[in-house]
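Understanding the architecture of this molecule
Listed here are the chains, written in short residue letters.
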Amino acid sequence: MITFCLLCDQAMEDGYLCLGCTKATRVRLECLPDLYDGLAAFLAPAGGSAQMRGSRPVHAPMPVSEDVLDLRGPGGLVGAAERWVGIIREQRGMPEPEPTGSVEGRLKGAAAELLGHLPWIAVSWPDAGMFAADIQEVTASVVSIVAPPAPVDRGIRMGHCPAQFEDGVICGAVLRLYAGAKVVTCEWCSTSYPPAMWSGLKVLMDKDAAVA
Ligand SMILES: [Zn+2]
Ligand SMILES: [Zn+2]
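Residues numbered from 1 in each chain as written. Chains lettered and ligands numbered in written order. Predicted model: local features only at pLDDT ≥ 70, side-chain atom pairs only at ≥ 80, totals over all residues. Heavy atoms only, no water.

Further remarks concern the environment of Thr185. With respect to the element layout, Thr185 can be found in strand β5 (residues 184–185). Accessibility expressed as a relative area gives 35% for Thr185, which makes it partly exposed. It is 9.1 Å that separates the C-alpha atoms of Thr185 and Cys161, two residues lying 24 residues apart in sequence. In contact with Thr185, other than residues within four places in its own chain, are Leu175, Ser190, Thr191 and Ser192. Engagement of the side chain of Thr185 in a polar contact is seen with the side chain of Ser192, the distance being 3.3 Å. (Helix = DSSP H or I, 4+ residues; strand = E, 2+ residues; numbered from the N terminus. Buried < 20%, exposed > 50% of the residue type's maximum accessible area, 1.4 Å probe, protein only. Contact = heavy atoms within 4.5 Å. Polar contact = N/O pair within 3.5 Å; in protein donor to acceptor, adjacent residues only side chain to side chain.)

Here it is, written out as structure tokens:
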């Protein structure tokens, strides 16, 4: 019988989560306590805005401390993990959990228990898709704070490449200076312009612009 993974829709022999999604869910569960710890660094409210602007790209918004508080609070990571523990225990006819102690300890305990249930979840639980999607979402929301995607370096626009081909045609491709780069290289004709040439480059560009 062919069935489909409830998380990624991939066809498979049987069960509710494919091997890849089961493994990904396992990694996410294993990471939960570390993600919780990682969030601690983002608890402090953003300092002086000028300083923040210098140390972070302006277009990567500073995470709001409230989001961090929510994720680390009783309704956040630990709430999600314990809610699933409760649901799964009920499904499997086990006694209700009675979590005690610190949020950190409870999260570790709940994550470890969910890891223990994972083989059953993947193979035998029709709600596995909802579970896996929720775990995916909650970890993604933490990762977006602790490790936001690096902004793409679009470089500083220097002007148009003044290199002249043998037939007299000017290259004219847009030249960009990328962060940390020592040389401006034309992506079209591969002509390189080291810093010593930049002032001369500007003169050439202005000349080309005047001609055009
Ligand atoms: Zn899958
Ligand atoms: Zn060029």
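The subject of this paragraph is helix α5 (residues 103–124). Over its 22 residues, α5 runs 30 Å from end to end, which matches the ideal 32 Å to within 8%, given 1.5 Å per residue. Of all the bends in α5, the largest measures some 45° and sits at His117, one to four residues before the proline Pro119. Those residues of α5 hidden inside the fold are in contact with α1 (19–40), α4 (77–91) and α6 (128–146). (Expected span 1.5 Å × (residues − 1). Bend = angle between axes of the 7 residues up to and from the residue.)

Now for unusual backbone geometry. The backbone phi angle of Asp9 is positive, close to 70°, even though this residue is not glycine. Tracing the sequence through the fold places Asp9 in the loop between β1 (3–4) and β2 (11–12). A positive phi angle is found at Ser190, which is not glycine, with a value near 70°. Its location among the elements puts Ser190 in the loop between β5 and β6 (192–193).

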